[in-house]
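# Close look at the chain arrangement
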Amino acid sequence: MRHIFLGRRVIAFATAVTFLAGCATFSKDGGFNTVSTAASERLGKDAVLVKTDEDRAAVAKRTQKLLSRPLSMDDAVQIALLNNRSLQASYGELGISEADLVQAGRLPNPGFNFSRTHGGNDLSINRTFTLGMLSVLTLPLATRIESRRFEQTRLLAADAMLKVAADTRRAYINAVAMQQSAAYAGQVKDSTEAGAELALRMQQAGNFSKLDYAREQAFYADAVVQLARTRQQSVAAREKLTRMMGLWGAQTQYTLPERLPDLPKDRPELNDLESFAMENRLDIQAAKVQTQSVASSLGLSKATRFINALDVGYQNNFTTADGHERGYEISVEIPIFNWGGSKVARAEAIYMQSANRVAETAINARSEVRESYSAYVTDYDVAKHYRDEVVPIRKTISDELLLRYNGMLASVFELLSDSRDQVSAVNSYIDALKDYWLAETDLQQAVGGRLPPLAMATSAPSAPGMPPASPTDSEGK
């Protein structure tokens, strides 16, 4: 009767083990909800996980629709979130981490040993079922540790998505700015070419000195080199944007707008950005979760420092001499030479390392916010100065010089020289405008992917308008 009772307990335990093992399953979204929520709330965009042919077809259709019109900054970011292969590869960490979580929540497989021996006229049959009890006892704690690691992986995946979005914005800003600069460099080249040709004719007629002619030729030669360099830089900037958006083939023939978005009318006052960043940055949240996971792991190390192996087995043996023999065995590793101190010391060192890295992440984040905000304010003021002061002044000078030229008080070469100066001022404004949008992107990333809601509404990019001043206006009059 005692053997029957013990057998029933083993069966009941095995049933409970089977039930518990079935509780660890994979989630429907694979942890991707954290990424998609961050994209929606912080960027106003959609993040997708491409896994099937249907997903790829949907992405291709949506990408084609976005590429059918001149590409805006928001469109470029959305295309990158749909097609960037590096980003899709980073999402694979979600599946790996979730698999580790599911594995940690499942009980170890039981073992079975069988032996059949003969000795003289005796037959001996040994059957033993074993189960690692230490793994069973530490299952809840191990599951909590892997759960925190999975949460950390979700946060890091969302943070990687935000970084791709920021890098795409930077690539878009540089691509449009270089395209615009190349267009103005072409106008400078045309102006200097006209001046060089006119100088040649005047020299041939004896109305121009060799020195003045050489100066005009030098202007033209420099303009040709500058145009070639600017066009190459424009190609490089466009190709970087293409890589960020994950485009190839016919998709690379997209159209960029002629110029960058205009400078916002007002620069919003941003307060308490450091506190906002501490609450909003996903890398800080991920570092905190990692530290919590390491702390739990330290608790596990202390709990198992003396018992490194604990196995429970059920035996059912048979011999011809004694008949059936049933019983249990427990296998315990005796801590004679290794008391587990090195394991605990290692866990404590890892915890201190993780805690210091959290502090480092927070300190660096605060510094990045201050630096980015300083650049944001400065670049806005510089761009505003060019827009409201420098470019209008250059336009006034050009208009006055044109009046003098019409009154035969200025030469055509003075007019052409002024045209080059005006283009230089416009190019400086383009660079200042580019620096502002890059600074805003850096600030957004420094505080966690978005500015505070009020600031976002105030500094939203406006649609591109006409250039602040056309360097060829004076030539066309």
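None of these values were measured; they are calculated from a predicted model.

What the protein contains, in helices and strands, is 15 helices and 4 strands. Counting across all 477 residues of the protein, residues that qualify as buried make up 41%. Carbon and sulfur atoms make up 54% of the accessible area of the protein, which amounts to about 26,200 Å² in all.

Before going further, it helps to spend a moment on the packing of aromatic side chains. All told, the structure shown has 5 aromatic pairs when counted by the stated rule. For the pair tyrosine 436 and tryptophan 437, a centre-to-centre distance of 5.0 Å together with 65° between the ring planes defines the contact as edge-to-face. Considered together, tyrosine 436 and tryptophan 437 belong to a single accessibility category, that of buried residues. Members of the aromatic cluster, each reached through a chain of ring pairs, are Tyr373, Tyr376, Tyr380, Tyr436 and Trp437. The ring centre of tyrosine 254 lies 4.0 Å from the NZ or CZ of arginine 238, which sits over that ring.

Bringing the packing of helix H4 (residues 73-83) against helix H9 (residues 210-245) into the picture now. Packing of H4 against H9 leaves a shortest axis separation of 7 Å and a crossing angle of 50°. With respect to their mutual orientation, H4 and H9 come out oblique. On H9, the residues touching Ala76, Ile79, Ala80 and Asn83 of H4 are Leu241, Met244 and Met245. Residue composition of the contact of H4 with H9, by class: 6 nonpolar, 1 polar and no charged.

As a further point, take the pattern of salt bridges. Oppositely charged side chains can pair when the atoms bearing their charge come close. All told, the structure shown has 17 salt bridges when counted by the stated rule. The salt bridge partner of aspartate 46 is arginine 62, with a shortest N-O separation of 2.9 Å. In this pair, aspartate 46 is assigned in the loop between helix H2 (33-43) and helix H3 (53-67) and arginine 62 in helix H3, connecting sequence segments 16 residues apart. The residue lysine 189 makes a salt bridge to glutamate 193 at a minimum N-O spacing of 3.3 Å.

In this fold, arginine 169 is placed in helix H8 (residues 139-204). Residue contacts for arginine 169: discarding those within four places in its chain leaves Met73, Val77, Trp437, Glu440, Thr441 and Gln444.

Turning our attention to the confidence of the model for the protein. Segments scoring low in pLDDT should not have their predicted coordinates read at a detailed level. Looking at the protein as a whole, its pLDDT mean stands at 78, while 74% of the residues score no less than 70. Mean pLDDT per element in the protein: helix H15 (residues 473-476) is the minimum at 40, and H4 is the maximum at 95. Taken together, the stretch residues 1-7 has pLDDT below 50 and engages in 3 contacts with residues farther than four places along the chain or on a different chain. Low pLDDT, under 50, characterises residues 463-477; the predicted model gives this stretch 36 contacts beyond four residues in sequence or across chains.

What follows covers helix H6 (residues 92-104). An ideal rise of 1.5 Å per residue puts 18 Å on 13 residues; H6 measures up with 19 Å between its terminal C-alpha atoms. When we look at burial in H6, the residues that qualify are Leu94, Ser97, Glu98, Leu101, Val102 and Ala104. Here the buried residues of H6 occupy an arc of 160° about the axis, which is enough to place them on one side.

In this structure, aspartate 272 takes a positive phi of about 55° despite not being glycine. Tracing the backbone through its elements, the reader meets aspartate 272 in the loop between H9 and helix H10 (273-280).

Turning our eyes to something else, we now look at the nonpolar core. The biggest cluster of nonpolar side chains holds 74 residues, and the ones touching the most others in it are Val35, Leu71, Met161 and Leu241. Sort the elements by how many residues they give to this core and H8 lands first, with 16 residues. When residues are assigned to domains, this core turns out to be shared by domain 1 (1-260 + 306-339) and domain 2 (262-304 + 341-451), each giving three or more. Leaving out residues up to four positions away in the same chain, methionine 161 has contacts with Val35, Ala38, Ala39, Leu43, Leu81, Leu87 and Tyr91.

What follows deals with the packing of H3 against H4. In the contact formed by H3 and H4, the axes pass within 10 Å of each other and the chain directions differ by 160°. Between H3 and H4, the angle is such that the two are roughly antiparallel. Pair H3 / H4 crosses with left-handed handedness. Contacts between H3 and H4 involve Val59, Arg62, Thr63, Leu66 and Leu67 on the former and, on the latter, Asp75, Gln78, Ile79, Leu82 and Asn83. Looking at the contact of H3 with H4 residue by residue, the class counts come to 5 nonpolar, 3 polar and 2 charged.

Criteria and cut-off values
Residues numbered from 1 in each chain as written. Predicted model: local features only at pLDDT ≥ 70, side-chain atom pairs only at ≥ 80, totals over all residues. Heavy atoms only, no water. Helix = DSSP H or I, 4+ residues; strand = E, 2+ residues; numbered from the N terminus. Buried < 20%, exposed > 50% of the residue type's maximum accessible area, 1.4 Å probe, protein only. Areas by Shrake-Rupley, 256 points an atom, 1.4 Å probe, with all protein chains shown as cover. Phe/Tyr/Trp six-rings, centres within 6.5 Å; stacked < 30°, edge-to-face > 60°. Lys NZ or Arg CZ within 6 Å of the ring centre and 35° of its normal. Axes fitted to C-alpha atoms, helices over the stretch in contact; angles between N-to-C directions. Parallel < 35°, antiparallel > 145°, perpendicular 65-115°, else oblique. Contact = heavy atoms within 4.5 Å. Nonpolar A, V, L, I, M, F, W, Y, C, P; charged D, E, K, R; others polar. Salt bridge = Lys/Arg side-chain N within 4 Å of Asp/Glu carboxyl O. pLDDT = per-residue confidence, 0-100. Expected span 1.5 Å × (residues − 1). Arc of directions from axis to C-beta. Core = buried A, V, L, I, M, F, W, Y, C linked by side-chain atoms within 4.5 Å. Domains from an automatic or database assignment. Left-handed = near helix turned anticlockwise from the far one by under 90°.

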